[in-house]
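Per-entry structural report
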Amino acid sequence: MLKLQYSLSSPVAVQNPNHSLSSKARVFSTNSFGFAPNSTSFGKRRLNLKCRQSEYFEQQRLTSPTPPSSAASAAQSPAGATAVPARFYVGHSIYKGKAALTVEPKAPEFTALDSGAFKMSREGFVLLQFAPAAGVRVYDWSRKQVFSLSVTEIGSIVSLGARESCEFFHDPFKGKSEEGKVRKVLKVEPLPDGSGRFFNLSVQNKLINLDENIYIPVTRAEFAVLNSAFNYILPYLIGWHAYANSIKPEDMSRVNNATPRYGGDFEWSR
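Digging into the layout of surface pockets
Its volume calculated, the largest pocket comes out at about 590 Å³. Around the largest pocket, the lining is made up of 15 residues, and of these Arg 87, Phe 88, Pro 105, Lys 106 and Ala 107 lie nearest the centre. Elements supplying a minimum of two residues to the lining of the largest pocket: β6 (99-106) and α4 (220-237). With four residues, α4 is the largest single contributor of residues to the lining of the largest pocket. Tallied by class, residues from the lining of the largest pocket come to eleven nonpolar, one polar and three charged. Roughly 260 Å³ of volume is contained in the second largest pocket. Lining the second largest pocket, in full, are Phe 110, Ala 117, Phe 118, Lys 119, Met 120, Ile 238, Gly 239, Trp 240, Ala 242, Tyr 243 and Ser 246. Looking at the lining of the second largest pocket, the elements with two or more residues in it are β8 (118-122) and α5 (240-246). At four residues, the largest contribution of residues to the lining of the second largest pocket is made by α5. Taken together, the residues of the lining of the second largest pocket sort by class into eight nonpolar, two polar and one charged.

Overview of the pairing of β6
The sheet contact formed by strand β5 (residues 92-95) and β6 spans four bridges and is antiparallel. Looking at β6, one finds that Ile 94 is bridged to Leu 101. Pairing analysis gives eight bridges linking β6 to strand β9 (residues 125-135), with the strands arranged antiparallel. Bridge pairing in β9 links Thr 102 to Gln 129.

So, the sheet that holds strand β12 (residues 166-170)
As summarised here, the arrangement of the four strands in space is β12-β13-β14-β15, forming an open sheet in which the pairing is antiparallel. Whereas interior strands pair on both sides, the edge strands pair on one side only; in this sheet they are β12 and β15 (210-219). Strand-to-strand twist in this sheet, taken as the mean axis angle between neighbours without regard to direction, amounts to 10 degrees. Bridge count for strand β13 (residues 182-190) against strand β14 (residues 196-205) is nine bridges, and the pairing is antiparallel. Bridged to Lys 187 within β14 is Asn 200. Lying on the sheet, helix α3 (residues 151-158) is in contact with β12 and β13; it crosses β12 at an angle near 160 degrees.

Digging into the confidence of the model for the chain
Per-chain confidence: the chain averages 78 in pLDDT, with 62% of residues scoring 70 or above. Per-element confidence in the chain ranges from a low mean pLDDT of 43 for helix α2 (residues 68-76) to a high of 98 for β12. Below pLDDT 50 for its whole length, residues 1-37 participates in 53 contacts with residues either more than four positions away or in separate chains. Overall, residues 66-78 carries pLDDT values under 50, and its contacts beyond four positions in sequence, including any with other chains, amount to one contact.

Procedures and definitions
- Residues numbered from 1 in each chain as written.
- Predicted model: local features only at pLDDT ≥ 70, side-chain atom pairs only at ≥ 80, totals over all residues.
- Heavy atoms only, no water.
- 1 Å grid on protein atoms, 1.4 Å probe; cavity = no way out; pocket = protein on both sides within 12 Å on 5 of 7 lines; lining within 4 Å.
- Points joined across faces, edges and corners; volume = space filled by probe spheres on them.
- Helix = DSSP H or I, 4+ residues; strand = E, 2+ residues; numbered from the N terminus.
- Nonpolar A, V, L, I, M, F, W, Y, C, P; charged D, E, K, R; others polar.
- Pairing = 2+ DSSP bridges.
- Axes fitted to C-alpha atoms, helices over the stretch in contact; angles between N-to-C directions.
- Contact = heavy atoms within 4.5 Å.
- pLDDT = per-residue confidence, 0-100.

Right under this line is the structure:
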């Protein structure tokens, strides 16, 4: 709170300081009473003027609602944290009596170039995790077996006809000294009654003397959810979303004007 003191030799009229918060308080002197300004009949009067402007703004700050954008930012960003892109982990699970199946997308990998651009170094994939049941609605994830679906294998699954099936073979050590010691086979087949699909994962691991077979029935509705998720995520797994987000019409126009032969090796430019 600000306190101002003025020594006056005549009556004063003080303008209301709250009339304008952006202007200074003003003090006016008047001789309307008909006495000399330097008359000694009136002693010096001390006037205390209190400015409550700071209290006003403090009340406004406490009572004003927080803007939605500020509230959202405060909720998403911890105190003292720097602006870092949020990361999200997602998955979809199917639970049945003898096994559980979890499906998780894995993003592609990019390598930075000297020019400042990025080039995809590895396509994304969808990770399937099979866990056998250890009881009623209880699953032993310590014994889980995994299978990574490539984009081509995903395409095979989503394009299956009503009575069609597909089979994929993986050797994690292909091209290495342990090649042939681990064999994984995933089969996706229609159920005999046509009510869905049958996912069967067979794993033979000679390194640890393991031979396990995990299967899980998937209903038509559950398979439709998987197909929809696969179709949606497929362009992201091959990195096309990153390329699409980087397209700027003004940049492309600038490149074309600066390099008249740009695109000269394209089929339609020949």
